Every structure is written in structure tokens, then in C-alpha cells.
Amino acid sequence: MLSCERLVMLTISSTREVELKESLQDREITREDRDWVCARQIESLYSNSLSANIAVITAVIVFNLLLIDSAQSAYFQIWAVFMLFASCWRLFQWRQYKRYPEQHSPMQWGRLYTRATFLVGLGWSALGLFIWMSDDFLTQGVSFLVMMGAVAASATVLSSLLPAFFAYILPMTISCILAFALNGTTEGLWASLGLAVYVLMIIRTAINSNRNLLKFLGLQRVNQTLIEQLNSEISERKTAQVELKKYSAELEQEVERRTGELTRINRSLESEIQERRRAEENLQHLAHHDVLTSLPNRLLLDARLGQVIERARRHDRQLAVLFMDLDGFKNVNDSLGHHAGDELLCMVAERLQNTVRKEDTVARLGGDEFVVIMADVGSRDDIDLLAKKLMAQIEKSFQVRQQTVFIGTSIGISLFPENGDSTEELLTHADAAMYRAKEMGRRNFQYYAPDMTEAAYDRVMLESALRKGLEEQQFVLYYQPQIDLHDGRIVGVEALIRWRHPDLGILAPGHFIQAAEDSGLIVPMGKWVLEEACRQMVQWKDAGLSLDYMAVNLAGQQIHESSLYELIQTLIIKTGCKPEWLELEITETFIMQRIGHAIETLDQLKQLGVNMAIDDFGTGYSSLSYLRRLPIDKLKIDRSFIRDITIDPNDAAIVQAIIGLGQTLNLEVIAEGVETLQQKEFLLEQGCDQGQGYYIGHPEPAEKIGKILMNWEPEPVSNDRKRQ
């Protein structure tokens, strides 16, 4: 059998193909369209199968009952069994199709039904042969009528599938036509011709029915497609509406969000603009004012001084520039800390502003340096009066972090046009005059003189030479012996720095120590002294020289360095010097400036085993309560008290008191500056332990001191002068 698709194509003529295309609105017929039409044809075929088969079965049974008494009853019974079998087969197929339509494809169901229908058609054709064989007119008539009824019925029942229709009517009609044609009579020929015409009419009817069915199915397919498209569009529209609502809600939220963002951005921009304006104002202020005190800085000072100079030049007036540097500020900064120093600078700035006139300018150059521009000067008396007022204000006590602080100021004064007619000249000359005021003992004011410029130049050159000297190792240590006054033995030496200047020769500390302290070079210089002294002490000990300790003087800035303990500890390990071989001399003044920190630092050093001595004792107004708390081993009497002890009762009384204090506190006492035998004998009588000075020995290089230590012979001391 041909496939269902093949059967459909065979049964649909070119005309009907065109009609199907028309029914499908002239669109291209697809495989899906053919499959759908085939499925509907098979569905229509099987929907009529039950009634058609029941009608065939009924007709066969009735026909067989009517002819049961005829001579051919046996033949009819065989025929009836065959017909019943073929009909029942079709009924079975109908039942399977209804119950399990997915068991076969529509093409396979059509093929199966066509085969069964062909058997039924063969059964009817057998009845046609019976008509040709029978002589009984009644039997022939009944058989013919039954067959023609079946043919007529097939035009309706089987027209949905033309292959099944033709498989059904062709066998029976051909057999009847042949039966009438072979009858041999004229009536038979006319009967066969009439039957042929009838059959053609039935075929025409079936074809028309099939055509109408195809049109209907085509339209139904189009409608279904349209409905599906419409449903799809409706679904898509609903989906689109849902999405649109969703997007609309999201859009509204986004609009609200963006509106909120824009509002916040606008507010932020407004705030940023205001901040920028304030920042620009602050930058303008910072560009022309000191950050700490809010006083005019160097830039604004130059501008204002330039304006005052121009005004004074136009009106033939005089002006003064007062260059101020605070005396003792560094000690406050080192003892109480930089924050306390900043607070003190702010207080100083406020007092200066409250002292000068409105037309005058107070500026801060940096550090503890201030400048006052005094415009429209009438006479030097006015300048003197202002300078004295400024000094008086600075010398009043300050309360800094619950501490009472006293400082002073040194002032240098330059005049326009006498000392210069430019900003740079007036400031430079006032600065030089200020240094002269410091050299004159501080806490005074000096007017500029031409020789001061040379002195200022010398200071700059000295600082530069000091830096170069440290880099090129131009410094050397001298050592001065310290003896036990009771037995005359050298117990220690004090390391004293000297500058081996390439042009000026050996320079004592008085020529450069102050410059080193002012420039901050005293810290690296002091570190070098400590390391070199420890190294020399180890060499002497390794050489077998009898020496108890090496005394090294610490500068005030070294004491206030937070890393002093680590430095001493590192140098002891690095050089191999034992802690008990090292004696650190600390100036009394620096201890009292920051007593709390000094006690903490000295305690740490004492834990290392280092000996401690207070240098220049008696000049720093020590508090006895603090002295008792200090972890010290020795008091060193300042040379200023030793110089006149044999002729000045006051100095003698002070020295006696210091020696007595040392004995009370169980401290050793050493006197420096011993230059005569009388001074030595006086100290011995008062019970002083040790002495140092030119009478005992001058400071000498290490090589010479080494020889002195090897050859030293103590002076004999009478028993009545020995300490009891």
C-alpha cells in the first residue's frame, strides 16, 4: 500500500490542490498543513465508520435471512461470513482508533482502513457475480438494490478519503457492470451502461464531497492558524502588557530613584561648591597666614612690608622692623613636648598682637621667630618703648598644660631708610641685629650696625663648616684626668671634643658648641663622642691601664631624645665597653627643665649599670626633693664656685654646702676647674672626693693621656689632710 501522504496526493487532483491553496488563502502548502488535513480526513472517516459498518452488518444479515430458502443459500452464508469478518475488522480498527489514536500516525490509520474497506468492497463484488450467475429475478433485484444502496451510501461515508472510497465501490461496481454486460441481452447492455453512468455520478458526488471537505478543512486550518496566531498575539499582548506594566513600574521607580539621585547630587554639588568656596578662602588664608597662629606668614609679611616701605618713601617717613626670637623656647619644647610648644607660640602671638598698634603688623616667620613692622615711626624713643613693651609681655609667666613657664625674647631692629630700602635688606639686617642681642646675653634688643652682617655671615659659614667637619671626621677627642684627692690616683678621664679645623687648627668647644646646638648638629656630634669615648676606653682597658671610668658630657638635646637609652645600649654592645666603665655627665639645667622625663631616662640608663653625674651643680637651682629621687652617683661642682674659694667666703660656703649635701646623700663629689694647690688643699680639707683641672692635668690627645696613665705617680698626701 502507498503511504498516506502519497494517497492524499493521488486523490487530490491539480484542481483540488488549487482549491486547497485558495482555501488556505494562497499561501504555500506546508507539510504541517498536509498532515493536519490528513488527520482531519481520517478523523471524519472513522467518525462515520460505526454507523456504516452496522448498516453493512444489518444489510448482510437481512439479505441472508431473505434468501435463506433459496437454492444458493449456502453461497450466501459463506458470503455473509466474509462480509461480517470484513465489517468486524473495520469495527475493531474503529475501536482501536478511538481508544489509542496515537498508536499509529494518521497516514497509517488511513492505510489500515482502506485495506479493510477494500475487503468489504470485494465482498460486495462477490454479490455482483452472484447476480450474473442467478436466474432468479427477485434475488437479482434485491442484490442489485442492496449494492446500489451501498454504493450511494459510500459517496457520503467514504468521501473523506477517496482511496478508501474507490477501494470500496470499484470492485462491486465493476463486477455488476460486467455481470450486466455479459448477460448477452440488449437489456443487460443498457443496464450495464446505466449502472456505469450511475457509478460515475456517485464518483462525481464523492469527489465533490471530498472537494468541499478539503475546502472546509482548509478554511478550518486557516481559522485554526488565525486563532492560534490570535491567541499567540493575545498571549503576547498580555505578556507585553504585563511586561509593560512591569517596565512602567520599574521606570517609575527608576525615575523616582534618578530624581532622588539628582536631588542628592544637586545638594551635594551645592555643598561641594560651598566647600570649595570655603576651601578657596581657606587656601587664600593659608597662603598668606601662619597655620598655627593665624598671623601673617612670610609671603604676606613681604607684601605688607613692601607697601609700608612705599608709603614711607612717598611721605618721607621712617619705619622699623623688629625681628624677635624667643629665649628659652627650645627648652620648653624639649621638656614639655611640641604640642605644649605650639600652645606657647599661640599665646605669644596673641600677646604680641595686643601690644602693637592697629597700623602695625605682627608676623611669624617660622619656629619661634616673629617680626613686627612698626609704621610711621616718629623717633627712636617710640621704637625703644615698643621693644620694651614686647619684651615685658613675653617675660610674663605663661600657663602651659598646668605648668608655669618663663621665657624671654631677643629683638633685632632695622630702620628704613637708614639700614636698607627693600624688604630683603630690612629683614636680613634685623635678623643680624637679633643675633647680636643673643650674643649680648639675650633678653635685650639691639639696633643694626654694619658689622653685624659680617657676624651673621660668619654664623652661616660656621654651621656649614660644622656639617662638613662631621662628614669629613675633622673632630677629635681630648681627655682630662680626674684624680682621687685623698690618694692622688687617676680614677677617670673626661672626654672633651676638639675641632681639628683645616685652616684654624685645634678649636676648643667654646668656638662651635653653641652653633652646633642652634643648628641641631649637637645630636650626631654627641653620638660620635659617645662611640669614640667607649672605643678608647676599651683600648686602654685592653692595654692594662688602671682607669675606673670614662666621663662623657651629654648635651641637653641628647637627654630629651626618646632613643637615648637604645643608643647607649647599642654603643655598649658595639664597642664592648662595660656599662660600669661609662660615666654620663648631665647638666643640672637640662635635668630641671624636664624633671619627670629626666628621672625616667636616668632610671633606664641606671638599669644598664651606667654611672650618673650632675655637671655644673649649683647653677641650675635644683630642688632637693627632686635631687633625692634622681638615680645619680656623683655631683660635679661648677668651676665658677671653685675659682675664688680661697678668697671669697661666699663661694667657699657654697662649696662646703655642696660637699656636705653630697656626703648626706651618699654621693661622690668632684670639683672641676682646680687650677692651684691652694684650691686642691681646700677641697681636700672639706672632704671633696675628686678633682679635675689644669693643676691636675690639661686635656690631651689619647696617645699622650695613655702615656700619662702609664707613668702617673700620685702626689703624697699628709695624714692630717686625709678624709677621716
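Only a predicted model underlies this, so the values are computations on that prediction, with no experimental measurement involved. (Residues numbered from 1 in each chain as written. Predicted model: local features only at pLDDT ≥ 70, side-chain atom pairs only at ≥ 80, totals over all residues. Heavy atoms only, no water.)

Draft legend 1. Structural view of unusual backbone geometry. Here the amide bond leading from F416 into P417 is cis, since omega sits at 0°, within 30 degrees of zero. Along the polypeptide, P417 turns up in the loop between β6 (408-416) and α14 (423-439). A positive phi angle is found at Q402, which is not glycine, with a value near 65°. Take Q402: it is sitting in the loop between β4 (398-400) and β5 (403-405). (Helix = DSSP H or I, 4+ residues; strand = E, 2+ residues; numbered from the N terminus.)

Draft legend 2. Region of the structure containing the environment of Y695. Topologically, Y695 is positioned in the loop between β16 (690-692) and β17 (700-701). For the pair Y695 and E675, spaced 20 residues apart in the sequence, the C-alpha separation amounts to 4.3 Å.

Draft legend 3. Just the pairing of β6, in detail. The element β6 is extensively covered by neighbouring structure, given that nine of its nine residues are classed as buried. Alternating positions in β6 separate into two faces, G408, S410, G412, S414 and F416 on one and T409, I411, I413 and L415 on the other, with burial throughout. Here nine bridges tie strand β1 (residues 318-327) to β6, and the two strands are oriented antiparallel to one another. Pairing of M324 across the sheet is with I411, part of β6. Direction of pairing for β6 relative to strand β7 (residues 445-447): parallel, over a ladder of three bridges. Residue I413 lies in a different strand from β7, and its bridge partner there is Y447. On the question of chirality, the crossover connecting β6 to the parallel β7 by way of α14 is left-handed. (Buried < 20%, exposed > 50% of the residue type's maximum accessible area, 1.4 Å probe, protein only. Pairing = 2+ DSSP bridges. Right-handed = clockwise from strand over helix to strand, strands pointing away.)

Draft legend 4. Local environment of the nonpolar core. Membership of the largest hydrophobic core comes to 74 residues, with the highest contact counts inside it found for W540, I568, L584 and L683. Per element, the largest residue contribution to this core is nine residues, and it comes from helix α17 (residues 522-542). Contacts of L584, omitting those with residues within four sequence positions, involve L530, V552, L554, I568, L605, V610, N611, M612 and A613. Residues L45, A52, V157 and I203 belong to the second largest nonpolar core, which totals 40 residues. (Core = buried A, V, L, I, M, F, W, Y, C linked by side-chain atoms within 4.5 Å. Contact = heavy atoms within 4.5 Å.)

Draft legend 5. Looking closely at the layout of surface pockets. The computed volume of the second largest pocket comes to approximately 820 Å³. If you go around the second largest pocket, you meet 33 residues; those closest to its centre are E494, L496, P509, N553 and D615. Sorting the residues of the lining of the second largest pocket by element identifies β9 (490-501), α16 (513-519), α17, β11 (549-554), α18 (556-559) and β13 (611-617) as the ones contributing at least two each. When residues in the lining of the second largest pocket are grouped by element, the largest group, five residues, is from β9. (1 Å grid on protein atoms, 1.4 Å probe; cavity = no way out; pocket = protein on both sides within 12 Å on 5 of 7 lines; lining within 4 Å. Points joined across faces, edges and corners; volume = space filled by probe spheres on them.)

Draft legend 6. Looking closely at the sheet that holds strand β3 (residues 369-377). Spatial ordering of the open sheet is given by β2-β3-β1-β6-β7, a layout of five strands whose pairing is mixed. Only two strands of the sheet have a single neighbouring strand rather than two, namely β2 (361-366) and β7. Neighbouring strand axes in the sheet, compared pairwise and without regard to direction, differ in orientation by 20° on average. As defined by bridge partners, β2 adjoins β3 across five bridges and the pair is classed as antiparallel. Paired with A363 across the bridge in β3 is V371. Across the sheet, helix α12 (residues 338-355) touches β1, β2 and β3, and the angle it forms with β3 is around 5°. Strands β1, β3, β6 and β7 of the sheet are contacted by helix α13 (residues 380-395), whose axis makes an angle of about 160° with β6. (Axes fitted to C-alpha atoms, helices over the stretch in contact; angles between N-to-C directions.)

Draft legend 7. Main features of the packing of aromatic side chains. Inspection of the entire model under this criterion finds five aromatic pairs. Here the aromatic rings of F445 and Y447 are separated by 6.3 Å at their centres, their planes lie at 80°, and the arrangement is edge-to-face. Take F445 and Y447: they sit in the same class, and that class is buried. Put simply, the rings of F475, W499 and F512 pair up and form one aromatic cluster. Its end group placed over the ring of F398, R351 keeps NZ or CZ at 3.6 Å from the ring centre. Stacked on the ring of Y447, the Lys or Arg R380 has its end atom at 4.4 Å from the ring centre. (Phe/Tyr/Trp six-rings, centres within 6.5 Å; stacked < 30°, edge-to-face > 60°. Lys NZ or Arg CZ within 6 Å of the ring centre and 35° of its normal.)

Draft legend 8. Summary view of the environment of H501. Along the chain, H501 falls in strand β9. Expressed as a C-alpha distance, the spacing of H501 and L466, which sit 35 residues apart in the sequence, is 9.5 Å. Reaching out from H501, the side chain makes a polar contact with the backbone nitrogen of L504 at a distance of 3.1 Å. (Polar contact = N/O pair within 3.5 Å; in protein donor to acceptor, adjacent residues only side chain to side chain.)

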